[in-house]
Structures are given as C-alpha cells and as structure tokens.
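What the coordinates show
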Amino acid sequence: EVGSPLKDVHIIVTAGPTREKVDPVRFFTNHSSGKMGYAIADVASKLGANVTLITGPTVIPAPNDVTTIQIETAQEMYEQVIKHFEQADVVIKSAAVADYRPVQTYNQKLKKQNSDMQIEMERTVDILNELGKLKSTQLLVGFAAETNNLEEYAKKKIITKNLDLIVANNVTSEGAGFDKDTNIVTIIDKAFNKVELPKMSKYDVAKILLEKVQLLLEERGRL
Ligand code: PMT
C-alpha cells in the first residue's frame, strides 16, 4: 500500500547489544533489546529496500524479507558491517555497541576467590568512526544514546564521526531508549537542522527516519 520508494536501495541496519566475553559463562553487555533496529529494518524492507540486518543477541524474530546476520561481539559486528559496506547505500547504526571489552578472556570458568578481583578492559573498535573514514557515497546514520547534553553531544558525533544524520535519544526519559516500545528522538542532519519528535512507537520513529533518508537520497540524485 505504501509503494516501494526505497526500491533497489541497499540498507545496512545494526541492532541490539553486543556481548563481550569474560569466560564461558560471563559477559559484559547492555540493555538494548533490538526493538529500535528491528523496527527500522522491517519498515525499510516494507518500503522496498534491500535490507541487511546485523544484530546482537535479541529475542525478536528476524523480520521477513530481511537478510539477518547474528553476531555477538563488537569485533564481529565490525567485520560484518565492513563486509557489506561497499554494496551499501545507507548504514543505520542503532546497535548499542560495547565501548570496552575484557583484555583477557578465559576458556575455563573463573573460580571464585576469597579476595576481590579486577577485570582489565580495553577499547573496542568504534565501528561508526571507521565507516566515517571509509565512506564514499554512502549515507551514514548514527544514533546517540545520551543521559545529558543530548543535542550538544549528538552534534559532536555528527562532526567527529562524519555522519549525515544522527538520531539522538535521551535514554533516561520516560518512554524512551532501551527496551521500550516507544522512543523520544531528535533527528539532526549535517547542517544541524533538527526535528524534535514527541514520544511515539519505535515503528513510527523508523518511518519518519526513513522518510528523511529517502529525501537525502533524492537530493543526491540517488533515487
Ligand atoms: O535496542 P532498543 O532496546 O530498542 O534500544 C534502542 C537504543 C537505545 C539502543 C537506540 O535507540 C540507541 O540509542 N542506539 C545507540 C546506542 C549507542 O551505543 O549509542 P552511543 O552514543 O554510545 O554510540 C553512538 C553511535 O556509535 C551509535 O550509532 C553506535 O552504534 C555507534 N558505535 C558505538 C560504539 C562503538 N564501538 N561502535 C559504534 O559504531
């Protein structure tokens, strides 16, 4: 009923959390449910796009007509995104990627000690940052999960990560952020034009975001 305005557009969507292992039974992760990213993948596919969804562990069934690739770690997500990047017209990074992982991972379960313990952490690759350096014609859409100074931090991410659009959400607002069915987002483009949206379902956020993506592709003569 909506037609296929995104026909022949290849979109990579990342969703969900990553898991950074300590040992066979323990890992570091976050509260991302994948709802935001899966909504984007589903709506994009219904708008006719050719969608590759690269996702951390979630309980959501894979959407129909979407190529879904399951990963666990930030490094695995990076490798899959890079693998598909050249063929992509748009990358939308709604995943909540770990910024740190344990320096050491153990093949056997760590035994409880009588003393306290420390786990040393190292940086993971910043996938979006790498894509910002690599991009040629691709539209790069980032998310910003903030708890304060939403707009200021989001604008900084647009510049430092060479993004075309950013979707900023204050993850401490009621009805927004991790694991909710709704979100409250501000969409900001490279020229710092912004649209502040009220609380709405993640599906409706996805629709409005993809309209903006469509507009940018049209402006660039790619649709
Ligand atoms: O999955 P849900 O439960 O529906 O929740 C949705 C959400 C809150 C996870 C989503 O709306 C959201 O905000 N996603 C981005 C979360 C995040 O990691 O934000 P950030 O501000 O830390 O990162 C900024 C951007 O860099 C993000 O696009 C992120 O995917 C990317 N990033 C971050 C770290 C890293 N190592 N590599 C990255 O590419």
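Only a predicted model underlies this, so the values are computations on that prediction, with no experimental measurement involved. Residue numbers run consecutively from 1 along every chain, following the written order of its sequence. Owing to the predicted nature of the model, reporting of local features is limited to residues with pLDDT of at least 70; listing and counting of side-chain atom pairs is limited to 80 or more, with chain, interface and lining totals taken over all residues.

**Side note on the overall build of the chain**
Starting at the N terminus, helices and strands are each numbered in turn, a helix being any DSSP run of H or I of at least four residues and a strand any DSSP run of E of at least two. Check the secondary structure of the chain and you find 5 helices and 14 strands. All radius of gyration figures rest on C-alpha atoms, and the globule criterion is 2.2 Å times the number of residues raised to 0.38. Compactness check: the chain gives a C-alpha radius of gyration of 18 Å against a globular reference of 17 Å for 223 residues, within 12% of the reference. A buried classification covers 39% of the 223 residues belonging to the chain. Residues are treated as contacting if the C-beta atoms built from their backbones sit within 7 Å of each other. Partitioning the intrachain contacts of the chain with sequence separation of at least 6 by distance along the chain shows that 60% fall at a separation of at least 24. Exposure criterion: with C-beta atoms placed from backbone coordinates, a residue whose C-beta has 20 or more other C-beta atoms within 10 Å is buried, one with 12 or fewer is exposed, and one in between is partly exposed.

**Quick word on the sheet that holds strand E13 (residues 194–196)**
Spatial ordering of the open sheet is given by E5-E4-E1-E6-E9-E10-E12-E13, a layout of 8 strands whose pairing is mixed. Each end of this open sheet is capped by a strand with a single partner; those strands are strand E5 (67–70) and E13. If you compare each strand with its neighbour and ignore which way they point, the axes differ by 15° on average. Two strands qualify as a pair provided DSSP detects at least 2 bridges between them. The axes used here are C-alpha line fits, helices contributing only the stretch in contact, and every angle between their N-to-C directions lies in the interval 0 to 180 degrees.

**Some thoughts on unusual backbone geometry**
One non-glycine residue with positive phi stands out, namely Asp-65, at about 60°. Positive phi outside glycine occurs at Asn-149, with the angle close to 45°. Judged by the 11 C-beta atoms lying within 10 Å of it, Asn-149 is exposed.

**Some points on the environment of Leu-140**
Following the sequence through the fold, Leu-140 ends up in strand E9 (residues 139–146). For the pair Leu-140 and Val-90, spaced 50 residues apart in sequence, the C-alpha separation works out to 6.0 Å. Each residue touching Leu-140, except ones within four places of it in the same chain, is listed here: Val-91, Leu-131, Gly-132, Lys-135, Asn-162, Leu-163 and Asp-164.

**Description of the pairing of strand E2 (residues 20–23)**
Sheet analysis places E2 next to strand E3 (residues 26–28), joined by 3 bridges and oriented antiparallel. Bridging from a neighbouring strand, Glu-20 pairs with Phe-28 of E3. In this antiparallel pair of consecutive strands, E2 and E3, the connection spans 2 residues.

**Focus on the site of the ligand**
Each residue gets a C-beta atom placed from its backbone. If that atom is within 6 Å of a molecule or strand, the residue is near it. Near the ligand you find 27 residues, and of these Ser-33, Lys-35, Met-36, Ile-127 and Phe-143 are the closest. Looking at the shell around the ligand, the element that brings in the most residues is E9, giving 4 residues. The classification used treats Ala, Val, Leu, Ile, Met, Phe, Trp, Tyr, Cys and Pro as nonpolar, Asp, Glu, Lys and Arg as charged, and all other residues, Gly among them, as polar. The residue inventory of the shell around the ligand, partitioned by class, reads 12 nonpolar, 9 polar and 6 charged.

**Topic: the nonpolar core**
Core analysis: the biggest nonpolar cluster contains 57 residues, and Ile-11, Val-13, Ile-40, Ala-44 and Val-141 have the highest contact counts within it. It is helix H1 (residues 35–46) that provides the largest number of residues to this core, a total of 7 residues. Ignoring sequence-local partners within four residues, the contact set of Ile-11 consists of Ala-44, Ala-49, Val-51, Ala-88, Asp-89, Val-90 and Ile-92. Defined on buried residues, the nonpolar core groups Ala, Val, Leu, Ile, Met, Phe, Trp, Tyr and Cys residues joined through C-beta atoms within 7 Å.

**As for the environment of Tyr-100**
Considering the arrangement of structural elements, one finds Tyr-100 in strand E7 (residues 100–102). Residues Tyr-100 and Ala-74, spaced 26 residues apart in sequence, show a C-alpha to C-alpha distance of 9.0 Å. When sequence neighbours within four positions are dropped, the list of residues in contact with Tyr-100 reads Met-121, Glu-122, Arg-123 and Thr-124.

**What about the UniProt feature "binding site: CTP" (unreviewed entry) in the chain?**
UniProt positions are given in the numbering used here, feature names are shortened, and annotations may be inferred rather than shown by experiment. What UniProt calls "binding site: CTP" (unreviewed entry) maps, in this numbering, to Asp-99, Lys-109, Phe-143, Lys-157 and Lys-161. These residues run over 63 residues, and the two farthest C-alpha atoms among them are 38.1 Å apart, placing them at more than one spot. Relative to the helices and strands, Asp-99 resides in the loop between strand E6 (90–93) and E7. The contact partners of Asp-99, leaving out residues within four places of it in the chain, are Arg-123 and Thr-124. Looking at the element boundaries, Lys-109 is found in the loop between E7 and strand E8 (121–123). Apart from residues no more than four positions distant in its own chain, Lys-109 is found in contact with Asp-23, Pro-24 and Val-25.

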